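Next come the chains, spelled out residue by residue.
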Amino acid sequence: MLKARIKFRKYGIMRFIGHLDVMRFFQKAMRRANIPIAFTGGYSPHMIMSFAQPLGVGLTSDGEYLDIELMESISSEDAVRQLNEVSVEGIEILSFVQISDEKKASGMTIVAAARYEVTCLESKKSVEVTRNIPFDWNEKITDFLKRSEIKVLKKTKKNEREINIRPLIYEMNVSEEHIQMLLAAGSEENLKPDLVMQAFLKYAGMDIEETPFHYHRIDVYAKDDNGFVPLENLGRIID
C-alpha cells in the first residue's frame, strides 16, 4: 500500500483549534477532495492517518505533518490542489510526498526535533502587535545556555517531576525581532518552547505573566547521519 506525507501550515484563527478537531477536519477534507485514502478493516473502519507531532493550542506553524495510506496513487500536484480547494482559512496544504512503507519510517516514530520562533507581544490580547526582543537578552541567553543544568518542573497528566532540560535545547539564537530555538521533540523526549522561556525568565529574574509571547513552529525534523532533516525531505514527489 502506498504511504504519503502531507505537510501543512496552521495559522490565524485555527491556532485555537485543538488536535482532535484538526483530525476531524482532515477526515472531512479527504472525502471532499476525493483523496483515495485507505481505511482500516472490521466493523468500524476509519481512515488510516497519523500526525507526526500534534501542535499545542494557541501556536501557529509552517511545518505540520500528517501521514496517510492510499488505496491508489494520486499525483502530488493534484492532491495539494484538491485539498486546498476544500480547505478553510487557517489550514494550507504545502506538500504531498510519497514515503517509505516501513513502520519505522512513520512521522510519529522518527520525529527528533522541532524549530520554533518566539516573538514578544505588547499584550496577550493580540499576536499581531509585537515588540522587539530586549537588547540585553542576547547576553543573558548566552549565559543561560552555559549552565550544565536547567531544572524545571514538568507536568504530565499523571504527575509532575523535576527534569534537566539543558540537554534538550539544541540551539537558541536571538535577533532583534525574535528568538529561534531548536528543541528535542518526539515520543521519547519532547520539550515545549514555553517551558524554555519560563525557565529563562526565572533565571533572568523576570515575571512570565508580564512578558507575553507568541510561539510559532517553523518545522519538524528527523535525525540522520548528517544532522536534522525536515520530514518533508524524506519523501518524493508523486508524478
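Going by the structure above, here's the rest.
In this report, the structure presented in the accompanying data block is examined. (Residues numbered from 1 in each chain as written. Predicted model: local features only at pLDDT ≥ 70, side-chain atom pairs only at ≥ 80, totals over all residues. Heavy atoms only, no water.)

## Concerning the nonpolar core
Reasoning step 1: Membership of the largest hydrophobic core comes to 40 residues, with the highest contact counts inside it found for Met-172 and Met-197.
Reasoning step 2: When contributions to this core are tallied by element, the ones reaching two or more residues are strand 5 (113-121), helix 4 (137-145), strand 9 (169-174), strand 10 (179-184), helix 5 (193-204) and strand 11 (213-224).
Reasoning step 3: No other element matches the six residues that helix 5 contributes to this core.
Reasoning step 4: If sequence neighbours within four positions are ignored, Met-197 has contacts with Val-118, Trp-137, Met-172, Ile-179, Met-181, Phe-213 and Tyr-215. (Core = buried A, V, L, I, M, F, W, Y, C linked by side-chain atoms within 4.5 Å. Buried < 20%, exposed > 50% of the residue type's maximum accessible area, 1.4 Å probe, protein only. Helix = DSSP H or I, 4+ residues; strand = E, 2+ residues; numbered from the N terminus. Contact = heavy atoms within 4.5 Å.)

## Topic: helix 5
Reasoning step 1: Taking 1.5 Å of rise per residue, twelve residues should cover 16 Å, and helix 5 covers 16 Å from first to last C-alpha, within 8% of that figure.
Reasoning step 2: For helix 5, the full list of buried residues reads Pro-193, Leu-195, Val-196, Met-197, Ala-199, Phe-200 and Leu-201.
Reasoning step 3: Looking at the buried side of helix 5, the elements it contacts are strand 5, helix 4, strand 7 (151-155), strand 9, strand 10 and strand 11. (Expected span 1.5 Å × (residues − 1).)

## What about a nonpolar patch on the surface?
Reasoning step 1: Judged by side-chain polarity, Ile-13, Phe-16 and Val-57 come together as a nonpolar surface patch covering roughly 320 Å² of accessible area.
Reasoning step 2: Here Val-57 is to be found in the loop between strand 2 (49-51) and strand 3 (60-70). (Patch = residues over 30% accessible without salt bridge, like charges linked within 9 Å, V, L, I, M, F, W, Y side chains within 5 Å. Areas by Shrake-Rupley, 256 points an atom, 1.4 Å probe, with all protein chains shown as cover. Salt bridge = Lys/Arg side-chain N within 4 Å of Asp/Glu carboxyl O.)

## A short note on the packing of aromatic side chains
Reasoning step 1: Going through the model one piece at a time under the given rule, you end up with ten aromatic pairs.
Reasoning step 2: Their ring planes at 85° and their centres at 6.4 Å tell us that Phe-8 and Phe-51 sit as a pair that is edge-to-face. Of this pair, Phe-8 sits in strand 1 (residues 2-10) while Phe-51 sits in strand 2, and the two are 43 residues apart along the sequence. Here Phe-8 matches Phe-51 in class, with each residue buried.
Reasoning step 3: When the centroid spacing of 5.2 Å and the interplanar angle of 75° are considered together, the rings of Trp-137 and Phe-200 count as edge-to-face. Here Trp-137, found in helix 4, pairs with Phe-200, found in helix 5; they are 63 residues apart in sequence, far enough to count as distant.
Reasoning step 4: Assessed through its relative accessible area of 0%, Phe-200 is described here as buried.
Reasoning step 5: An aromatic cluster of at least three residues, connected via ring pairs, comprises Trp-137, Phe-144, Phe-200, Tyr-203, Phe-213 and Tyr-215.
Reasoning step 6: Directly above the ring of Tyr-11 sits Arg-9, whose terminal nitrogen or CZ lies 4.0 Å from the centroid. (Phe/Tyr/Trp six-rings, centres within 6.5 Å; stacked < 30°, edge-to-face > 60°. Lys NZ or Arg CZ within 6 Å of the ring centre and 35° of its normal.)

## What about helix 2 (residues 76-85)?
Reasoning step 1: Inspection of helix 2 places Ser-76, Ala-79, Val-80, Gln-82 and Leu-83 among the buried residues, and these make up the whole buried set.
Reasoning step 2: Of the surrounding elements, those touching the buried residues of helix 2 are strand 1, helix 1 (19-32), strand 4 (91-99) and strand 13 (236-237).

## Let's talk about unusual backbone geometry
Reasoning step 1: Phi is positive for Asn-34, which is not a glycine, with a value near 60°.
Reasoning step 2: Turning to its location among the elements, Asn-34 is positioned in the loop between helix 1 and strand 2.
Reasoning step 3: Look at Asn-34 and you get exposed, because its relative accessible area is 61%.

## Focus: the pattern of salt bridges
Reasoning step 1: Applying the stated criterion across every chain, the model contains 15 salt bridges.
Reasoning step 2: Ionic pairing is found between Arg-24 and Asp-21, a salt bridge with its closest N-O pair at 2.8 Å. With Arg-24 and Asp-21 both in helix 1 and three residues apart, the pair spans about one turn of that helix.
Reasoning step 3: A single salt-bridge network, built from bridges that share partners, covers Lys-7, Asp-219 and Glu-232.

## Quick word on the pairing of strand 5
Reasoning step 1: Strand 5 sits mainly inside the fold: eight of its nine residues count as buried.
Reasoning step 2: Note: strand 5 against strand 10, six bridges, orientation antiparallel. Looking at strand 10, one finds that Ala-113 is bridged to Ala-184.
Reasoning step 3: Sheet topology note: the strand 5/strand 11 ladder contains eight bridges and is antiparallel. Along strand 11, the bridge assignment pairs Val-118 with Tyr-215.
Reasoning step 4: Pairing of strand 5 with strand 6 (residues 130-131) involves two bridges; the strand directions are antiparallel. (Pairing = 2+ DSSP bridges.)

Spatial relationships are all this shows, so hold off on functional conclusions.
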